[in-house]
Amino acid sequence: MGNKQSRISLSLLILAVALGNAGAAEVEDKSVSNELGFTVRGADNNRLIWGVKTPEGKPKKVTEEEERRLFDETIFPRVLRNAEAGKQPEVWQIGFFYLDGKGTDSDLERAEAAFRAGMSLDRPEGLLYLGNYYQTLGIDAQEDVAKRDEYFAMAESIYREVLDGGFEMATHYVIPLAKAHLFGWYGLEIDAEKADELLAELENVAPDNPSCQLWRAKVFVHQKRYPEAFDYAEKAQLGLLKESEGDVISESVAGELKLAGALKITAAVLGGEISKIDPDEFLQISKESLGLTGPMAWSVPVILLLILVFLLWRTQRAWNSDEAMRPGLLPGPGLRLSIMWISAAILAAGIGFNISLPGLNNGLGHWIGAILVTLVCLFAMTVGGWRRYFGSGPFLSGSKAFLLGLGIVIVGVVGMQVVAMGYAALYEMILGRGLDQQLVSLFLESENLWQLLGTVLVVGIAIPFYEEVFFRGFFYEAVERRWSARTALVVSSVVFALVHGLTFFVPLLFLSFALGWLRMKNGNLRMSFYLHAANNSFAVLVGHFS
């Protein structure tokens, strides 16, 4: 794939040299005003395409044999005379004749000499095409390492020479070569340093070229120079938008804009500076990358709903079963079914953050996964799981129990904040950079109190509810039936923390152990749900008002 794309990108620069041959001849010498002209341009396969033109400058249809005769007997001799007389543009255009053997024998030395003459006349097209010619030979000689490296070195030398001459036209050739070194195309060694050297030389000639900035950002990510990668990706993005302002954005520019946005996010995440990310941009890029946009996006929550209905049916059958896995424990969803529930919850979270549903662009689409799973989870509780997981008594059973529960929740939330702050300080001390907010916090920003209320309801109540039912309900109980309560506490806590990512694994492991311990001591999910909901709601409120 890379080989084909590079060949095309290297050859799309049209070399329409001598479009005005007949006219130029008429001005300089009336005696040749009726002679035929010619055109030459580069094809996608890096071959030269020749054509004959009438004295009026229009394409002339001739047979292949007639074309060969005209070039041999008329066109090349005239171009040679003008080139030897120092006339432009023939003085450098004749290099294409020597390069392709058109009207004469192929002679790379003479071709290069003619193209260098063109460089002195501020016409680097020929020399660039010669470099491209050598690079194509290198691509075709992949099996012969020595030849391949020799041809690539010749091409690189020519490109650098053109850059030294200050010609920005080399951009179309230098960037594909830099990409070949960066990705190891054509059997080359992956060499980010060489790619960066080429792009740095290009930047000296074209400091505001967004394509150069974009690929330097890509190189910086490979070199783990994340702050520079972010800055260059942002400059490339602004440059591309400025260039296309007022015009319809082409497919190639749209692709570069997506790459620039993705590089910004990558650099910010890997560099530990997530606060640099624009949440709206992150959402848009993630949706587009997953293809979850447009009318077909509705198929995703529909499929999820069918999965949840299937799991609900299987769970109800398990609750109605008379078979007990261990004495003293009621039957219920097995370990495999519990893992399927957790997987569905993770899928729902991904859907909630990454789909864009037509007609629901008011923010509801972002939470469709959480809402859907919560509703199904509530239904599951009503058909057999509510009493076993939340008990049959009232949620608030007296002032003493209320005060004790409130104290546990307060201590738990404060303890979670202390652990999180200590972990952040230790992280900074060990790695030398600050630990930024979790990526999920990008989705918790609220512009007004109504949005804040909605975020609290979903993130502070709905998500803790179904996470408790899944992790310390289905999953905990399945592990406890198979092994023991302590094993269930450890396994469910570790899995819960892992599912939320490695960045905040330690503080989330502390929280999940606290939630699991409350589940083990109380025999139900009430206190673990209270603490989980309070912790999430506190995080949302602090994030909004800080």
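Residues numbered from 1 in each chain as written. Predicted model: local features only at pLDDT ≥ 70, side-chain atom pairs only at ≥ 80, totals over all residues. Heavy atoms only, no water.

Draft legend 1. Representation of the overall build of the chain. Helices and strands together make up the secondary structure of the chain, namely 21 helices and three strands. For the chain, the proportion of its 546 residues judged to be buried stands at 47%. For the chain, long-range pairs separated by at least 24 residues make up 64% of all intrachain contacts whose partners lie at least 6 apart in sequence. In the structure as shown, the chain presents an accessible area of about 27,300 Å², 59% of it carried by carbon and sulfur atoms. (Helix = DSSP H or I, 4+ residues; strand = E, 2+ residues; numbered from the N terminus. Buried < 20%, exposed > 50% of the residue type's maximum accessible area, 1.4 Å probe, protein only. Contact = heavy atoms within 4.5 Å. Areas by Shrake-Rupley, 256 points an atom, 1.4 Å probe, with all protein chains shown as cover.)

Draft legend 2. Representation of the packing of helix 7 (residues 145-164) against helix 9 (residues 192-205) in the model. Direction vectors running N to C along helix 7 and helix 9 enclose 25°, while the axes themselves pass 9 Å from each other. By the angle between their axes, helix 7 is roughly parallel relative to helix 9. In this structure, helix 7 crosses over helix 9, and the sense of that crossing is left-handed. Residues E156, R160, L163 and D164 of helix 7 form the contact with helix 9, whose own contacting residues are K194, E197, L198, E201, L202 and V205. Counted by class, the contact of helix 7 with helix 9 contains four nonpolar, no polar and six charged residues. (Axes fitted to C-alpha atoms, helices over the stretch in contact; angles between N-to-C directions. Parallel < 35°, antiparallel > 145°, perpendicular 65-115°, else oblique. Left-handed = near helix turned anticlockwise from the far one by under 90°. Nonpolar A, V, L, I, M, F, W, Y, C, P; charged D, E, K, R; others polar.)

Draft legend 3. Broad picture of unusual backbone geometry. The linkage connecting Q88 with the following residue, P89, adopts the cis geometry, with an omega of 0°. Secondary-structure assignment places P89 in the loop between helix 3 (64-84) and helix 4 (90-100). Here D122, not a glycine, exhibits a phi torsion of approximately 60°, which is positive. As for its position among the elements, D122 is in the loop between helix 5 (108-120) and helix 6 (125-140). A positive phi angle, close to 60°, is found at Y186, a residue other than glycine.

Draft legend 4. Highlighting the packing of helix 6 against helix 7. Their axes nearest at 7 Å, the elements helix 6 and helix 7 cross at an angle of 160°. The orientation of helix 6 with respect to helix 7, classified from their angle, is roughly antiparallel. Crossing hand, helix 6 versus helix 7: left-handed. Between helix 6 and helix 7, the residues in contact are L127, L128, L130, G131, N132, Y134, Q135, L137, G138 and I139 and R148, Y151, F152, M154, A155, I158, Y159, E161 and V162, respectively.

Draft legend 5. Looking closely at the nonpolar core. Of all hydrophobic cores here, the largest spans 72 residues; its most connected members are F38, W50, I94 and F97. In this structure, I94 is in contact with F76, V79, L80, A83 and A114, ignoring residues within four places of it in sequence. Core analysis: the next-biggest nonpolar cluster, separate from the first, contains 36 residues, W341, Y389, F465 and L525 among them. (Core = buried A, V, L, I, M, F, W, Y, C linked by side-chain atoms within 4.5 Å.)

Draft legend 6. Fine view of the pairing of strand 2 (residues 48-53). The buried fraction of strand 2 amounts to five of the six residues, a majority that puts the element mostly inside the structure. The pairing of strand 1 (residues 37-42) with strand 2 spans six bridges and is classified as antiparallel. Bridge assignment links G42 to a residue of strand 2, and that residue is L48. Across two bridges, strand 2 lies against strand 3 (residues 59-60) in antiparallel orientation. Bridge pairing links V52 to K60 in strand 3. Counted along the chain from strand 2 to the antiparallel partner strand 3, the turn is five residues long, and its residue G57 has a positive phi close to 90°. (Pairing = 2+ DSSP bridges.)

Draft legend 7. Focus on helix 5. Here helix 5 contains 13 residues, and its C-alpha end-to-end distance of 19 Å stays within 8% of the 18 Å for a straight helix at 1.5 Å per residue. Packed against the buried residues of helix 5 are helix 4, helix 6 and helix 7. Taken from the residues just after helix 5, D122 is the one with a positive phi, measuring 60°. (Expected span 1.5 Å × (residues − 1).)

Draft legend 8. Inspection of a nonpolar patch on the surface at higher detail. Where nonpolar side chains cluster on the molecular surface, the patch consists of L403, L406, I410, V414, V418 and M421 and spans about 580 Å² of accessible area. By the element assignment, L403 lies in helix 17 (residues 399-431). (Patch = residues over 30% accessible without salt bridge, like charges linked within 9 Å, V, L, I, M, F, W, Y side chains within 5 Å. Salt bridge = Lys/Arg side-chain N within 4 Å of Asp/Glu carboxyl O.)

Draft legend 9. Just the side chain of S493, in detail. Of note, S493 is situated in helix 19 (residues 485-499). Once residues within four sequence positions are removed from consideration, S493 is found in contact with L509, S512 and F513.

Draft legend 10. Structural context of the confidence of the model for the chain. The pLDDT averaged across the chain works out to 76; a share of 72% of its residues lies at or above 70. In this model, residues 358-363 is a region of pLDDT below 50 whose contacts with residues beyond four sequence positions or in other chains number six contacts. (pLDDT = per-residue confidence, 0-100.)

Draft legend 11. Geometry of the packing of aromatic side chains. Counting across every chain of the model gives 22 aromatic pairs. Each ring, one from F529 and one from Y530, has its centre 6.3 Å from the other, and the planes form 50°; the classification is tilted. What links up through ring pairs into an aromatic cluster is the set F38, W50, F71, F76, F97 and Y98. Positioned over the ring face of F496 is R472, at 4.6 Å from the centre of the ring. (Phe/Tyr/Trp six-rings, centres within 6.5 Å; stacked < 30°, edge-to-face > 60°. Lys NZ or Arg CZ within 6 Å of the ring centre and 35° of its normal.)

Draft legend 12. Layout of the sheet that holds strand 1. Read across the sheet, three strands follow the order 1-2-3 without closing on themselves; strand pairing throughout is antiparallel. Unpaired on one side and paired on the other, strand 1 and strand 3 mark the two borders of the sheet. The strands touched by helix 3 are strand 1 and strand 2; relative to strand 2, the strand with the most contacts, the crossing angle is about 85°.

Draft legend 13. Main features of the pattern of salt bridges. A complete count under the given rule lists 18 salt bridges for this structure. Residue R123 is joined to E125 by a salt bridge in which the shortest nitrogen-to-oxygen separation is 2.9 Å. On the accessibility criterion, R123 (31% relative accessible area) is partly exposed. A relative accessible area of 12% means that E125 is categorised as buried. Put simply, R160 and E201 hold a salt bridge, and the shortest N to O gap is 1.9 Å. Here the residue R160 occupies a position in helix 7, and E201 occupies one in helix 9, the gap between them amounting to 41 residues. Residues participating in the shared-partner salt-bridge network are D196, E203, R216, R225 and E228.

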